[in-house]
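# Tertiary structure, described
Here are the chains, one letter per residue:
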Amino acid sequence: MNLYELDRAHVIHPHAVVGRPEDPIVWARGDGARLWDVEGNEYIDGTCGLWQCAVGHGRAELAEAAAVQMRRLEFYASFWDFSNEPSIRLAAKLAELSPAGLDHVFFTNGGSEGVETAVKLVRLAWHAQGRPERNVVISRKAAYHGVGAASLAATGIPALKEGFGPLAPGFVHLSTPTRSADTDALVAELEQTIDEVGAERIAAMIGEPVLGVGGMIPPPEGYWPRVQAVLRAHGILLVLDEIVTAYGRTGHWFAAERYGLDADAIVTAKALTSGYVPMGAVLVHDRLVRMLEGTQFRHGFTYNGHAVGAAVALANLAIVEREGLLDRAVAVGERMLARLEPAEKLDAVAEVRGVGAMLGVELVPDRDAGPVALAARRKGVIVRASGQKIVMSPPLVITDEQADTIVDVLVEELGRL
């Protein structure tokens, strides 16, 4: 059997229709922002797979960092009083890079686990303070937070929850903060929700600084500082889901810096290792640690603080620093957005938007973005489409020429709708 037959016979793909498999693109290798399939076809990667590969594909120094660590110590549990040097040094590095006060790190294998961890942390913190009734978590519609018990419940996209009930209780969803939304109305809704639920029952609010899976949606002007002020006034903790936005994607190490936020916890993953090894990290503020002091955190994953993952993460972050990829995210994002904005004049396009190297196109309600992405793929460009949304988040090392090609192909196909 060839690879396609083996795949159809044995692999269940995320988000694919079960029992009706199609031939996949089987990736063979990558270099920078380029990918090749097993048939030799070349593509420009406009999404980093799932927005994770900040430093680009095929970085030999990351492979070498993994090999060196594997030869020294591949893995040992980090539960209880065990640790390893790479994870300790990575935690210290993340404390150095993160906004003030986020000095503590809990390692995970990815984003969903990070959200599960953060929800447990904030609920446990209030329990430790003698306030177990403070367990409600506020989220938003169009938010995506993962696939676990709590992370899926926090997610606000209905289609992703269908058929998986009953979901974990204790989550309330607010309106989507689109770029054109009325900030006054959104803040008023938050205040009304706090009044209705009762601040004494609310543990935290979780939110992506820029909605990622929901369509690369920037918040309206002044939204986040005002939301933070309301939460602080009621003693409600703030958890930022920066699984997509952290480590340079918005032009900052963390989008919290962009929006002037002082979060109690920040959930990260994806670009921490640029996807070379599955790994995530929840950054925890001193305030939250003080609330938890003396409490046992009975939670963990087998591969917490994986030594190889931490070694790769340290090498990856060094590349981001050395090659100035935070500035590159801003430059390439502005270039792509400027080239993409004329598409707003097309009949099929409702909005073009972007923050750093996160870009989205919203189609009018009666148009389907799927054929656009498929047509772009046939021309060697990978973008992601769902419903009326097309999203892009290329490797930060993408060249100007490659970035231009992505946008030019996309605009051409949008013009055909």
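Inspection of the entire model under this criterion finds zero disulfides. Free of any disulfide, Cys-48 has its nearest neighbouring cysteine sulfur in Cys-53, separated by 5.5 Å. On the accessibility criterion, Cys-53 (2% relative accessible area) is buried.

The next point concerns helix H7 (residues 183-197). The terminal C-alpha atoms of H7, which comprises 15 residues, lie 21 Å apart, in line with the 21 Å expected from a rise of 1.5 Å per residue. Every buried residue of H7 is listed here: Thr-183, Leu-186, Val-187, Leu-190, Thr-193, Ile-194 and Val-197. Each buried residue of H7 sits inside an arc of 120 degrees when the element is viewed along its axis, so together they form one side. When the buried face of H7 is taken as reference, the exposed residues oriented beyond 90 degrees from it are Asp-195 and Glu-196. For H7, the elements touching its buried residues are strand S5 (136-140), strand S6 (171-174), strand S7 (202-207) and helix H8 (223-233). The opening residue of H7 is Asp-182, an N-cap whose side-chain oxygen sits 2.8 Å from the backbone nitrogen of Asp-184.

Pairing in this open sheet of four strands is mixed, and the strands run S1-S2-S3-S13 from one edge to the other. In this open sheet, the two strands that pair with only one neighbour each are strand S1 (27-31) and strand S13 (381-382). Bridge count between strand S2 (residues 34-37) and strand S3 (residues 42-45): three bridges; the pairing is antiparallel. Directly across from Leu-35, in S3, lies its bridge partner Tyr-43.

Right, let's talk about the nonpolar core for a bit. Of all hydrophobic cores here, the largest spans 94 residues; its most connected members are Tyr-247 and Val-361. Not counting residues within four places of it along the chain, the set of residues in contact with Val-361 comprises Leu-340, Val-349, Glu-351, Val-352, Gln-388, Lys-389, Ile-390, Met-392, Leu-410 and Leu-414. Counting 28 residues, the second largest nonpolar core, distinct from the first, contains Phe-106, Ala-118, Ala-204 and Met-291.

The next thing to look at is the sheet that holds strand S8 (residues 237-241). Pairing within the open sheet is mixed, and its seven strands lie in the order S4-S10-S9-S8-S7-S5-S6. At either margin of the open sheet sits one strand with a lone partner, and together these are strand S4 (104-108) and S6. Strand-to-strand, the axes of this sheet are offset by a mean angle of 20 degrees, without reference to chain direction. Bridge count for S5 against S6 is four bridges, and the pairing is parallel. Each residue of the ladder has a partner; that of Ser-139, found in S6, is His-173.

How each quantity is defined
- Residues numbered from 1 in each chain as written.
- Predicted model: local features only at pLDDT ≥ 70, side-chain atom pairs only at ≥ 80, totals over all residues.
- Heavy atoms only, no water.
- Disulfide = S-S within 2.5 Å.
- Buried < 20%, exposed > 50% of the residue type's maximum accessible area, 1.4 Å probe, protein only.
- Helix = DSSP H or I, 4+ residues; strand = E, 2+ residues; numbered from the N terminus.
- Expected span 1.5 Å × (residues − 1).
- Arc of directions from axis to C-beta.
- Contact = heavy atoms within 4.5 Å.
- Polar contact = N/O pair within 3.5 Å; in protein donor to acceptor, adjacent residues only side chain to side chain.
- Pairing = 2+ DSSP bridges.
- Core = buried A, V, L, I, M, F, W, Y, C linked by side-chain atoms within 4.5 Å.
- Axes fitted to C-alpha atoms, helices over the stretch in contact; angles between N-to-C directions.

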